[in-house]
Amino acid sequence: MPNEPTPPDPALVLDLLEAFRRSKVMFAAISLGVFDRLAGGPVPLARLAADLRADPDALGRLLDACVCLGLLSRAGEDYANTPVAATYLCTGSPRRLTGYARYSDSALWKLFAHLDDAVREGTHRWHQAFGWEGPIFAHFFRTDADRREFLMGMHGQGLLSSPAVAAAFDLGRFRRFADLGGATGHLAVAACRRYPALRAVVFDLPAVLPLTRELVDASGVADRIELAAGDFFADPLPEADLFALGRILHDWNEEKIHRLLRAIYERLPAGGALLVVEKLLDDDRAGPPWAVLQSLNMLVCTEGKERTLAEYAALLRAAGFGRVEGKRTPTPLDAVLAVKE
């Protein structure tokens, strides 16, 4: 009998079978308060179990999984945060990603459970997962504390990307920068730090701006950044020769995108520009992984999607913009600059 062909390496499938377990280990450790309890230094298992009101054996298994994943270190019975956990997973860190991690655990985890239905129907899963109608974030952020923690998670991501985005193009010729939906102001701060002559305005909903003010005031460039409350779909846009939309367009359908882009185009002077900040899909849509998976994320939780540079260019040109150029960065976000000629 002929030899059977050697089967392919199953490592990829085996890795994907357990990938969700790795995410949930991190989510559970955040929820239990593991990283915050270890923020002051190493703690033995028995003390941790008592402080966190957890079963010692079960907690030990979770902590060992965190050690395996590189989130904790262990010396004997003492566990400690690794530098990456101390920086991104402790709620006292200004670079924390805990807000987005908690949102991923409490909202996205449940939405992705219905991914197959989202693919069948082409619509988000908020009603199926939670029974909610209407604006999704209005339901999810029921308290100021919820909103603040989510925004701080997005702020942590912004600190990773905004300096690279601000450096992607030479923006030195612009004088007034308006970041629409600018949240905590991380992009405005990065741009003002890089371009000393630039002045900026962060335009966002009124409930967002108290945290924006707090973070901008601590930035060292607060004297060149103002805040303005408004809804970019409903209210007049601020005056600027450079606008930005950071992680905004991927939330919306093409009708709403066209309406927003056209409003920006009409507000800009000749020679003004729009900076679009999103993670670009490769032309064949097979990568990069962050963008491909984020596009599925947009499917389950919004009416939008991720796009290629060519697709963004088509949307921008349909709104009137002329020259469109894209730049990739090594961070979670890329940059597209569209000029009104």
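As a reminder, the structure under discussion sits directly above these lines.
Residues numbered from 1 in each chain as written. Predicted model: local features only at pLDDT ≥ 70, side-chain atom pairs only at ≥ 80, totals over all residues. Heavy atoms only, no water.

Caption draft 1: Main features of the overall build of the protein chain. Helix and strand content of the protein chain: 15 helices and 10 strands. Computed over C-alpha atoms, the radius of gyration of the protein chain comes to 22 Å, within 12% of the 20 Å expected from 2.2 N^0.38 for 341 residues, which places it in the range of a compact globule. Oriented by its inertia axes, the alpha-carbon framework of the protein chain measures out at about 65 × 65 × 40 Å. Put simply, the protein chain has 341 residues, and 47% of those count as buried. Contacts spanning at least 24 positions in sequence make up 67% of the contacts within the protein chain whose residues lie at least 6 apart. Surface exposure of the protein chain reaches about 16,800 Å², of which carbon and sulfur atoms provide 57%. On the protein chain, the mean spot of the 39 positive side-chain charges and the mean spot of the 44 negative ones are 4 Å from each other. (Helix = DSSP H or I, 4+ residues; strand = E, 2+ residues; numbered from the N terminus. Rg over C-alpha atoms; globule rule 2.2 N^0.38 Å. Buried < 20%, exposed > 50% of the residue type's maximum accessible area, 1.4 Å probe, protein only. Contact = heavy atoms within 4.5 Å. Areas by Shrake-Rupley, 256 points an atom, 1.4 Å probe, with all protein chains shown as cover. Lys, Arg positive; Asp, Glu negative; His and termini not counted. Charge placed at Lys NZ, Arg CZ, Asp CG, Glu CD.)

Caption draft 2: Quick peek at the pairing of strand E10 (residues 334-339). With 6 of 6 residues buried, E10 is to be regarded as a mostly interior element. By the alternation rule, side chains of E10 split into Asp334, Val336 and Ala338 and Ala335, Leu337 and Val339, which are all buried. Bridging between strand E8 (residues 273-278) and E10 involves 6 bridges; their strand directions are antiparallel. Bridging from a neighbouring strand, Leu275 pairs with Leu337 of E10. As defined by bridge partners, strand E9 (residues 324-327) adjoins E10 across 4 bridges and the pair is classed as antiparallel. Directly across from Gly326, in E10, lies its bridge partner Val336. Between the antiparallel neighbours E9 and E10 lie 6 residues. (Pairing = 2+ DSSP bridges.)

Caption draft 3: Structural view of helix H12 (residues 209-217). All of the buried residues in H12 are Leu209, Leu211, Thr212 and Val216. With its buried residues spanning 155° around the axis, H12 presents them on a single face. (Arc of directions from axis to C-beta.)

Caption draft 4: Spotlight on the packing of aromatic side chains. In the structure shown here, the tally under the stated rule is 11 aromatic pairs. Here Tyr103 and Phe150 contribute two aromatic rings whose centre-to-centre distance is 5.0 Å and whose plane-to-plane angle is 70°, an arrangement assigned as edge-to-face. Of the two residues, Tyr103 sits in helix H6 (residues 98-112) while Phe150 sits in helix H10 (residues 144-167), which places them 47 residues apart along the sequence. Taken together, a centroid distance of 5.4 Å and an interplanar angle of 35° make the contact between Trp126 and Phe130 tilted. Of this pair, Trp126 and Phe130 both sit in helix H8 (residues 126-130), 4 residues apart, which is roughly one turn of the helix. Classification of Trp126 by relative accessible area gives buried; the value is 1%. (Phe/Tyr/Trp six-rings, centres within 6.5 Å; stacked < 30°, edge-to-face > 60°.)

Caption draft 5: Fine view of the sheet that holds strand E2 (residues 72-75). Spatial strand order, E1-E3-E2: 3 strands in an open sheet with antiparallel pairing. Two strands bound the open sheet, and with one partner strand each, they are strand E1 (43-44) and E2. Sheet topology note: the E2/strand E3 (residues 78-81) ladder contains 4 bridges and is antiparallel. Within E3, the residue paired with Ser73 across the bridge is Ala80. Relative to E2, helix H4 (residues 56-69) is tilted by about 110°, and along the sheet it contacts E2 and E3. (Axes fitted to C-alpha atoms, helices over the stretch in contact; angles between N-to-C directions.)

Caption draft 6: Highlighting helix H1 (residues 11-32). In this model, H1 (22 residues) spans 31 Å end to end at C-alpha, consistent with the 32 Å of a helix rising 1.5 Å per residue. Buried within H1 we find Val25, Phe27, Ala29 and Ile30. Elements that come into contact with the buried residues of H1 comprise helix H2 (34-37), H4 and H6. Downstream of H1 by a residue or two, Gly33 has a phi angle that is positive, lying close to 90°. (Expected span 1.5 Å × (residues − 1).)

Caption draft 7: Here's a closer look at the pairing of strand E5 (residues 199-204). A large share of E5 lies buried, amounting to 5 of its 6 residues. Considered for its hand, the β-α-β crossover made up of strand E4 (residues 176-180), helix H11 (residues 186-194) and E5 is right-handed. Bridge analysis of E5 against strand E6 (residues 225-229) gives 5 bridges, and the strand direction is parallel. Considered in E6, the bridge of Phe203 is made with Ala228. (Right-handed = clockwise from strand over helix to strand, strands pointing away.)

Caption draft 8: Broad picture of the packing of H1 against H6. Put simply, H1 and H6 touch, their axes get as near as 10 Å, and they point 120° apart. Judged on the interaxial angle alone, H6 and H1 are oblique. Seen along the crossing, H1 lies across H6 with a hand that is left-handed. On H6, the residues touching Phe20, Ser23, Lys24, Phe27, Ile30 and Ser31 of H1 are Thr98, Ala101, Arg102, Ser104, Asp105 and Trp109. (Parallel < 35°, antiparallel > 145°, perpendicular 65-115°, else oblique. Left-handed = near helix turned anticlockwise from the far one by under 90°.)

Caption draft 9: Structural context of the packing of H1 against H4. Relative to each other, H1 and H4 sit at 120°, their axes nearing to 10 Å. Accordingly, the angle class assigned to the pair H1 and H4 is oblique. Note that H1 runs across H4; the crossing there is left-handed. Within the contact between the two elements, H1 uses Arg22, Val25, Ala28, Ala29 and Leu32 and H4 uses Leu62, Ala65, Cys66 and Leu69.

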